[in-house]
Amino acid sequence: MASGSRASVPTDSFLTISPDKRGEKAASAVPGDTAAATTLKGTAIPVRSVVASARQVKGKAGLPAAQAEDPGEAAAAAEEEEEPLLPAPEDEVEAQPLPPVCVSRMRGMWRDEKVSLYCDEVLQDCKAEDADEVMGKYLSEKLKLKDKWLGVWKTNPNVFFVKYEEASIPFVGILVEVTCEPYEDSSSCFKVTVSVAEPFSSNIANIPRDLVDEILEELEHSVPLLEVYPVEGQDTDIHDIALALEVVRFFYDFLWRDWDDEESCKDYTALIEERINLWCDIQDGTIPGPIAQRFKKTLEKYKNKRVELIEYQSNIKEDPSAAEAVECWKKYYETVMLCGLLKMWEDLRLRVHGPFFPRILRRRKGKREFGKTITHIVAKVMTTEMIKDLSSDTLLQQHDDLDLALDNCYSGDTVIIFPGEYQAANLALLTDDIIIKGVGRREEIMITSEPSRDSFVVSKADNVKLMHLSLIQQGTVDGIVVVESGHMTLENCMLKCEGTGVCVLTGAALTITDSEITGAQGAGVELYPGSIAILERNEIHHCNNLRTSDSSKSTLGGVNMKVLPAPKLKMTNNHIYSNKGYGVSILQPTEQFFIVAEDALNKRAASGDKKDDKMLFKVMQNLNLEMNNNKIEANVKGDIRIVTS
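Everything numeric here is computed off the predicted structure, so don't read it as measured data.

Chemist: Would you explain the overall build of the protein chain in this entry?
Modeler: Of the regular secondary structure elements, the protein chain holds 13 helices and 34 strands. Across the 645 residues of the protein chain, 51% fall into the buried class. Considering only residue pairs separated by 6 or more positions, the protein chain has 67% of its internal contacts joining residues 24 or more positions apart. About 30,200 Å² of surface is accessible on the protein chain, with carbon and sulfur atoms providing 50% of the total.

Chemist: Sorry if this is basic, but what is going on with the pattern of salt bridges here?
Modeler: When charged atoms on two side chains of opposite charge get close, those side chains can pair. If you walk through the whole model with that rule in mind, you get 24 salt bridges. One salt bridge in this structure joins E141 and K144, with 3.0 Å as the shortest N-O distance. Judged by its relative accessible area of 62%, K144 falls in the exposed class. Here E443 and R442 are joined by a salt bridge, their closest N and O atoms 3.6 Å apart. Among the residues examined, R442 registers a relative accessible area of 13% and is labelled buried. Within the structure, one salt-bridge network assembled from shared partners comprises K305, E308, E327, K331 and E334.

Chemist: Explain the nonpolar core here, please?
Modeler: Here is a general trend for soluble globular proteins: nonpolar side chains tend to be buried in one another's company. If you look at the biggest cluster of nonpolar residues, it comprises 70 residues, and the most contacted ones within it are Y118, F160, I207 and F251. Looking at this core element by element, the count peaks at twelve residues for helix α6 (residues 236–255). Contacts of F251, omitting those with residues within four sequence positions, involve Y118, L123, A131, M135, W256, Y268 and I272. Among the nonpolar cores identified, the runner-up in size contains 55 residues, and I480, C493, M627 and I632 belong to it.

Chemist: What's the story with the pairing of strand β28 (residues 559–562) in this structure? I'm lost.
Modeler: Each regular strand displays side chains that alternate between the two surfaces of the sheet. Residues V559 and M561 point to one face of β28 and N560 and K562 to the other, with burial holding for every one of them. Bridge analysis of strand β25 (residues 525–527) against β28 gives three bridges, and the strand direction is parallel. By the bridge assignment, L527 is partnered in β28 with M561.

Chemist: Would you mind showing me how to read the side chain of S531 here?
Modeler: On the secondary structure map, S531 appears in the loop between β25 and β26 (532–536). The class of S531 is buried, set by a relative accessible area of 0%. Every residue in contact with S531, bar those within four places of it in the chain, is listed here: V504, L505, G507, A508, P567 and K568.

Chemist: What is the right way to read the confidence of the model for the protein chain from this model?
Modeler: The predicted coordinates of low-pLDDT regions are not to be read in fine detail. When pLDDT is averaged along the protein chain, the result is 77; 71% of the residues meet or exceed 70. For residues 590–601, every residue scores under 50 in pLDDT, and the model assigns this stretch 23 contacts once sequence neighbours within four places are set aside.

Chemist: Teacher, can you tell me more about the packing of aromatic side chains here?
Modeler: Aromatic ring pairs are described here by two measures, namely the spacing of the ring centres and the angle between the planes. Tallied over the entire structure, the rule returns 13 aromatic pairs. Look at W329 and Y332: their rings are 5.6 Å apart centre to centre, the planes differ by 90 degrees, and that puts the pair in the edge-to-face class. Remark: Y332 and W329 occur in helix α9 (residues 322–348); sequence separation between them is three residues, near one turn of the helix. Feature note: the residues Y118, F250, F254, W279 and F295 constitute an aromatic cluster, connected by ring pairs. Here the basic side chain of R257 rests over the ring of F254, its NZ or CZ set 5.5 Å away from the ring centre.

Chemist: What should I look at first to understand helix α4 (residues 131–143) in this one?
Modeler: Residues separated by three or four positions in an α-helix point in the same direction, a consequence of the helix having 3.6 residues per turn. Look at α4: 18 Å from first C-alpha to last across 13 residues, which is about the 18 Å you get at 1.5 Å a residue. The complete set of buried residues in α4 reads A131, D132, V134, M135, G136, Y138, L139, S140 and L143. Buried-residue contacts for α4 involve α3 (111–122), α6 and α7 (268–283).

Chemist: Help me out: how do you make sense of the sheet that holds strand β32 (residues 625–628) in this one?
Modeler: Within a beta sheet, neighbouring strands are joined by backbone hydrogen bonds and run either parallel or antiparallel to one another. As summarised here, the arrangement of the ten strands in space is β11-β10-β12-β14-β17-β20-β23-β26-β29-β32, forming an open sheet in which the pairing is parallel. Both outer strands of the open sheet, β11 (395–399) and β32, are each paired with one neighbouring strand and no more. Shown here is a sheet whose adjacent strand axes are inclined to one another by a mean of 10 degrees, direction ignored. Bridge count between strand β23 (residues 509–513) and β26: five bridges; the pairing is parallel. Considered in β26, the bridge of L510 is made with A533.

Chemist: How do you make sense of a negative patch on the surface when you look at a structure like this?
Modeler: Together, D112, E113, D120, E121, D125, D267 and E273 give the surface a local cluster of negative charge. At four residues, the largest contribution of residues to the negative patch is made by α3. By secondary structure assignment, the location of D112 is in helix α3.

Chemist: Where do I start with the packing of α6 against α7 in this structure?
Modeler: Helix packing geometry: the angle between the two helix axes and the distance between the axes. It is the contact of α6 with α7, at a shortest axis distance of 11 Å, that shows an interaxial angle of 85 degrees. By the criterion of interaxial angle, the relationship of α6 to α7 is roughly perpendicular. Facing α6, whose interface residues are F250, F251, F254 and L255, α7 presents Y268, I272, R275, I276, L278, W279 and I282. The residue inventory of the contact of α6 with α7, partitioned by class, reads ten nonpolar, no polar and one charged.

Chemist: For this particular structure, what's the right way to read unusual backbone geometry?
Modeler: Note: most peptide bonds trans; most residues except glycine with negative phi. Omega for the peptide link from E198 to P199 comes to -5 degrees, which places this bond in the cis form. The phi dihedral of N629 is positive, around 55 degrees, even though this residue is not glycine. Secondary-structure assignment places N629 in the loop between β32 and β33 (631–633).

Chemist: Please explain the sheet that holds strand β4 (residues 148–155) as it appears in this structure.
Modeler: Taken in spatial order, the five strands of this open sheet run β8-β7-β6-β4-β9, and their pairing is antiparallel. This sheet does not close on itself; its edge strands, each paired only once, are β8 (222–224) and β9 (228–230). Strand-to-strand, the axes of this sheet are offset by a mean angle of 50 degrees, without reference to chain direction. Relative to strand β7 (residues 191–196), strand β6 (residues 172–179) is paired through four bridges, and the arrangement is antiparallel. Considered in β7, the bridge of V176 is made with V196. In the packing of helix α5 (residues 209–218) onto the sheet, the strands contacted are β4, β6, β7 and β8, and the crossing angle to β7 comes to about 155 degrees. Packed on one face of the sheet, α6 meets β4 and β9 and runs near 145 degrees to β9.

Parameters and conventions
- Residues numbered from 1 in each chain as written.
- Predicted model: local features only at pLDDT ≥ 70, side-chain atom pairs only at ≥ 80, totals over all residues.
- Heavy atoms only, no water.
- Helix = DSSP H or I, 4+ residues; strand = E, 2+ residues; numbered from the N terminus.
- Buried < 20%, exposed > 50% of the residue type's maximum accessible area, 1.4 Å probe, protein only.
- Contact = heavy atoms within 4.5 Å.
- Areas by Shrake-Rupley, 256 points an atom, 1.4 Å probe, with all protein chains shown as cover.
- Salt bridge = Lys/Arg side-chain N within 4 Å of Asp/Glu carboxyl O.
- Core = buried A, V, L, I, M, F, W, Y, C linked by side-chain atoms within 4.5 Å.
- Pairing = 2+ DSSP bridges.
- pLDDT = per-residue confidence, 0-100.
- Phe/Tyr/Trp six-rings, centres within 6.5 Å; stacked < 30°, edge-to-face > 60°.
- Lys NZ or Arg CZ within 6 Å of the ring centre and 35° of its normal.
- Expected span 1.5 Å × (residues − 1).
- Axes fitted to C-alpha atoms, helices over the stretch in contact; angles between N-to-C directions.
- Patch = residues over 30% accessible without salt bridge, like charges linked within 9 Å, V, L, I, M, F, W, Y side chains within 5 Å.
- Lys, Arg positive; Asp, Glu negative; His and termini not counted.
- Charge placed at Lys NZ, Arg CZ, Asp CG, Glu CD.
- Parallel < 35°, antiparallel > 145°, perpendicular 65-115°, else oblique.
- Nonpolar A, V, L, I, M, F, W, Y, C, P; charged D, E, K, R; others polar.

Put into structure tokens, the structure is as follows:
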């Protein structure tokens, strides 16, 4: 895709892309959070004094230390070069604070408005390979509204300094006067002529005015347009220019992918719409925060790796050495791998409905050759008191690591966990019929997920059982517990969800008794078509913590059933309360039941699950749903509802 000159970007900044020529992108160093906060608040950018070493400008540098004739002079020069050149100036007037930049108008747009703006107004029916030209034309038309205006040039500190604390200088901002000249072609409008505006203003109080003038002279007063943010207090045309700049920045930051014009795409605007939906799902919390952060980091890592590859290729001579060729291929495959990961994220979109394909590829071990079973004790130290209730012929193995215990299990084994906090990647690879149980109060046996992994507890065993445990989800992609196949039992467990709740996939079965499920961003229990679940004496509460205006997602609450074929659900003596969606939602693709069925279901929930309603009986029979003595109350949307998709 496109690019110009590039300064290295701190790892914690979002890239602001400036198209210039194919194959690369130039990036400003304005961290996304900083820029967003500044734009959103619309207040003056704080000014501070910093300690940093100014970069030597071409034609202004003195004799390098390595070229000095006298070694003493070389050492002195090196020492002088090490000293910071930006102490608080005594004889120079400090820079004024920067004025507020124009408030972001895109932040107030709804999802549909963003889609309409990009797909209908800007891109229309263009192909991916024409996106550069279309965005250039859109921006150049907006720039015709005003030929001169004031803006804040935000650039990478590396442009000015060679030594500085990244935390203290997220970006260098200078108040400049922008001059828009007629452009010969659409791509050239991504560069603009600037000069320092009066009064001299910056977010760095002690930055020398002479240094700024020298850097601009070196750049021939031409900077990437997308690094310039119009300031408030100008006429309405400037606000239109500010919006146009924001539209283009967002396109190259999040919607454009380097592979778009390399792959055939029949409907490019449909692809852009999907990426806008993905972005909105991240912003409104449909995709859990930790997962969204991982996606952003993957996207940023891909951009940085691609830049590394392009820069490395440009530095290779005509006949590369074997080492250079190997390194080049290594960087290329890193980029390809990250590209593949991003495509998976975009295709699956990680909605709150759980996983879309099996995770477990491990084969079952089965029973041991000699037919014996082993009880694995998970504790730092094993004492006789711990095993006093076990029979004398029990075979024991002691582990101080839960992962190691699971790795040594065969079908029929039991894992006994004593109080403590544990992590175990092998919980996502349960294939053998084992029992995992805690000793003591369930709150004392805490198993937390690893945020870097996609899954927490995943089973395809014929019969696996978890007892007296607390499962605490931290940033995993899939449900807190996913039953891919076979049967799983959860007994007296606490499930503290952060993302999706418990998912039972097609053909799988789950039994939950005397347990508590809370905090899921979707439904607490998600039943896929053709699954089976038995829920007895459980508490399911405070689920569906979504910040979304999508009505289909806001219905999810305590338990959600997806029908055709209908799952089988038996619920007895459960307490389902304080969920933001419905207590129980039944999702079906067509309106197969009369509206009166919904009324019947709600009456049943309110009257204690009575069985004297003929219509209700017919609905329950068709759904394979049996409910007895459940308490369903205080759910925001209601108690029970049949939802059509």
